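Chain residues, written in single-letter form:
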Amino acid sequence: MTRQRFGNTVSFYVPLYLSNLCANACTYCGFSMENRLKRRTLDSGDIERECEAIKRMGFDSILLVTGEHENKVGMKYFREALPQIKRHFSYLAMEVQPLGTKEYAELKTLGLDAVMVYQETYHKPTYAEHHLRGKKTDFHYRLETPDRLAQAGVDKIGIGALIGLEDWRTDSFFVAAHLDYLERTYWQSRYSISFPRLRPCTGGLEPKSIMTDRQMVQLICAYRLFNPHVELSLSTRESPLFRDNVLPLGVTTMSAASKTQPGGYADDTPELEQFAISDERSATDVAEAVKKAGFEVVWKDWDSVYSG
Ligand code: SF4
C-alpha cells in the first residue's frame, strides 16, 4: 500500500535547532526550563552558517525546531528567520510553540509549508503529570492546534504521541482518531504521523510503557492499513539497524544526520542536546543504506511552486 501511494521512495529532511530556550517544564525533555544548561538562540549569522552546512549535506527540506519561548523566540524572531531560511530550502516545516490561526497564516506568506505539533499524550491526567509549568500545561490549546493550522491553510500537519508517557496502544489509537477527524474536517491539508519513543535526556525519565521493536513494527503496519496516504516519519532516535529494516514496511519520511543542539551543524557542541540520538550516521551513509535497500532518496518535499 505504501508503494502504491508513495512509489519506491523515501523522503529525507533534517531538523535545524534554532534555540534551546524554553518557558515550559516537561519532565521528559532536556530543554525544560528547570534544567541548568547553556542556552543559545541562533542569530542571523549563525543561521546562515547552519543553512550552508546543511545544504552541503544535500538536504532541501528542513524542520525548524525551537523550545517554546514566546518572548525571545516568538513571532518577531520567526518573521526575520523564516524568509532567510526559505532562501536556502524549498520546503520549510516548523516544530515550535503552538500559535494562533492568524500567526500561522502570516508565517505561510513567509515560506512556512508544514507544522509538527505533537500532543505527547492524549490522556489528560498523564499530560498534567508531565507538563508542569508554562503555556504547554494547556492541554486543549495544544490539542486544537492542528485545527488552527488547517484553518490557516498550512500544507502539511504532523501529529503524534511521545511513546512511553502513557500506555502506547491507547495513545496510538487516539493519534489515529485525531488523524481521522482532521482528514474528514480539513481534507485540503496533508498529514504525517511521528511515533518517537522516549529517549534518555538530562533529568532522565523512565518510560511508563515500553514499546519493543516488534510492537513498533506492528504500529507502523496498523497506521498504514488504517490510512493509505498518511506520511509515516521515523527520526534518528531509532537505531540504524531498526531504521534500515523497517524501511520497506510503511515508513515514508526520515531524518538523517540530525543534531539536536542549536548551532550543531556548523560547530559541534553536544552539551546542549535536547535528547541523545541513536542513528549517528552521516546523511550520505543513510542515503547509501536506503539505496541499497532498493529505494530512491528524495531530498526535498512538495515544492510550493506547484500549489499556486
Ligand atoms: S518538550 Fe518542548 S516545551 Fe517541553 S521542555 Fe522540551 S522544548 Fe520545552
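Scope of this entry: the structure provided in the associated data block. Bear in mind that the values here come from a model prediction, so they are computed numbers and not experimental data.

Criteria and thresholds
Residues numbered from 1 in each chain as written. Predicted model: local features only at pLDDT ≥ 70, side-chain atom pairs only at ≥ 80, totals over all residues. Heavy atoms only, no water. Helix = DSSP H or I, 4+ residues; strand = E, 2+ residues; numbered from the N terminus. Buried < 20%, exposed > 50% of the residue type's maximum accessible area, 1.4 Å probe, protein only. Areas by Shrake-Rupley, 256 points an atom, 1.4 Å probe, with all protein chains shown as cover. Lys, Arg positive; Asp, Glu negative; His and termini not counted. Charge placed at Lys NZ, Arg CZ, Asp CG, Glu CD. Near = heavy atom within 4 Å. Nonpolar A, V, L, I, M, F, W, Y, C, P; charged D, E, K, R; others polar. Patch = residues over 30% accessible without salt bridge, like charges linked within 9 Å, V, L, I, M, F, W, Y side chains within 5 Å. Salt bridge = Lys/Arg side-chain N within 4 Å of Asp/Glu carboxyl O. Contact = heavy atoms within 4.5 Å.

1. Concerning the overall build of the chain
Right, on to step 1. Across its full length, the chain holds 11 helices and 11 strands.
Right, on to step 2. Taken over the C-alpha atoms alone, the chain extends approximately 45 × 45 × 40 Å along its principal axes.
Right, on to step 3. Evaluated residue by residue, the chain yields a buried proportion of 57% over its 308 residues.
Right, on to step 4. A total accessible area of about 13600 Å² is found for the chain, and carbon and sulfur atoms account for 53% of it.
Right, on to step 5. The positive charge centre, built from 38 side chains, and the negative charge centre, built from 41, are 1 Å apart in the chain.

2. Details of the site of the ligand
Right, on to step 1. Taken together, 11 residues are adjacent to the ligand, and Cys 22, Asn 24, Cys 26, Cys 29 and Ser 32 come closest.
Right, on to step 2. Looking at the shell around the ligand residue by residue, the classes come out as five nonpolar, four polar and two charged.

3. Structural notes on a nonpolar patch on the surface
Right, on to step 1. Taken together, Trp 302, Val 305 and Tyr 306 make up a surface patch of nonpolar side chains, about 390 Å² in accessible area.
Right, on to step 2. Along the chain, Tyr 306 falls in the segment after strand S11 (296–298).

4. Considerations on the environment of Leu 225
Right, on to step 1. Along the chain, Leu 225 falls in helix H9 (residues 213–226).
Right, on to step 2. Residue classification places Leu 225 among the exposed positions, given a relative accessible area of 61%.
Right, on to step 3. Each C-alpha atom, one on Leu 225 and one on Thr 2, is 9.3 Å from the other, the two residues being 223 residues apart in sequence.

5. Some remarks on the side chain of Thr 252
Right, on to step 1. Of note, Thr 252 is situated in the loop between helix H10 (240–246) and strand S10 (253–255).
Right, on to step 2. On the accessibility criterion, Thr 252 (4% relative accessible area) is buried.
Right, on to step 3. With near-sequence residues (within four places) excluded, Thr 252 lies in contact with Thr 2, Phe 6, Thr 9, Val 10, Ser 11, Arg 224, Glu 231 and Leu 232.

These figures come from the coordinates and say nothing about function on their own.
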